[in-house]
Amino acid sequence: AQRVTQPEKLLSVFKGAPVELKCNYSYSGSPELFWYVQYSRQRLQLLLRHISRESIKGFTADLNKGETSFHLKKPFAQEEDSAMYYCALSGQTSGSRLTFGEGTQLTVNP
Amino acid sequence: DAGVTQSPTHLIKTRGQHVTLRCSPISGHKSVSWYQQVLGQGPQFIFQYYEKEERGRGNFPDRFSARQFPNYSSELNVNALLLGDSALYLCASSSVGEGANEKLFFGSGTQLSVL
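Quick summary incoming for the structure in this document. (Residues numbered from 1 in each chain as written. Chains lettered and ligands numbered in written order. Predicted model: local features only at pLDDT ≥ 70, side-chain atom pairs only at ≥ 80, totals over all residues. Heavy atoms only, no water.)

## Looking at the state of the cysteines
- Counting across every chain of the model gives two disulfides over all chains.
- Residue A:C23 pairs covalently with A:C87 via a disulfide, S to S 2.0 Å. Measuring the twist about the S-S bond at about -65 degrees, one finds the A:C23-A:C87 disulfide to be left-handed. Highlighted residues: A:C23 in the loop between β3 (19–21) and β4 (24–26) and A:C87 in strand β9 (residues 83–90), separated in sequence by 64 residues. A:C87 carries the same exposure label as A:C23, and that label is buried.
- A disulfide bridge connects B:C23 with B:C91, and the sulfur atoms are separated by 1.8 Å. Residues B:C23 and B:C91 are joined by a disulfide whose S-S torsion is about -65 degrees; by sign, that bridge is left-handed. Of the two residues, B:C23 sits in strand β3 (residues 19–24) while B:C91 sits in strand β9 (residues 87–94), which places them 68 residues apart along the sequence. By the burial criterion, B:C23 is buried, and B:C91 matches it. (Disulfide = S-S within 2.5 Å. Helix = DSSP H or I, 4+ residues; strand = E, 2+ residues; numbered from the N terminus. Buried < 20%, exposed > 50% of the residue type's maximum accessible area, 1.4 Å probe, protein only.)

Have a look at this one:
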């Protein structure tokens, strides 16, 4: 069975501070990992995926297979980063079948 | 780009009734998947359809069914509604139906309340 755990439901930081949103997973094969974000009154959208090794809006995430983690990081948080963040996992052949974590609500205070 | 469109946006039903939710994918996208999001939780996979065929089913009872039409739009049907079916139902589309790292485009969802 595959599972995604986001241990923090709420996370609050000040503007300019570093932020790390934690994500741990369990999966028997080689997973594909994603971060999705939902800004206030907007629809859920892809933030980044590990295979692309990209940095979006200053966020990065590294897949650590030894620790089965895919934490999302940003060195300097901005107020516009306030949103709900979901970590998600897909098996290599399961396409659209994503397993989501419960989400972390990030608040960046001025 | 209209994005993924879902209708209706809100729906109120009573226990035992039936409901049909509709989704139109982004033009050119052939895959549609459905997710249920209960308040306070992450989305949970219900179905995926690609080229009008079911490609995946989550852990939901047979009261849940879906189909995809030749124009790639999709319907999610839920029979014999229970209070626990109250949730936000999300539709997502993508350009391909298999393989990893598909980018899903989500609709705004249908908020279903069962009384």
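## Topic: the sheet that holds β3(A)
Residues and elements named next belong to chain A.
- Here we have three strands laid out as an open sheet, ordered β3-β8-β7, and antiparallel in their pairing. Single-partner strands in this sheet number two, and they are β3 and β7 (60–61).
- With three bridges joining them, β3 and strand β8 (residues 72–74) adopt antiparallel strand pairing. Directly across from V19, in β8, lies its bridge partner K74. (Pairing = 2+ DSSP bridges.)

## Topic: unusual backbone geometry
- In this structure, the amide linkage connecting B:S7 to the following residue, B:P8, adopts the cis form with an omega of -10 degrees.
- Examined against the element boundaries, B:P8 turns out to sit in the loop between β1 (5–7) and β2 (10–13).
- With a phi close to 60 degrees, A:R41 is a non-glycine residue in the positive phi region.
- As for its position among the elements, A:R41 is in the loop between β5 (32–38) and β6 (45–49).
- Judged by relative accessible area, which is 82%, A:R41 ranks as exposed.

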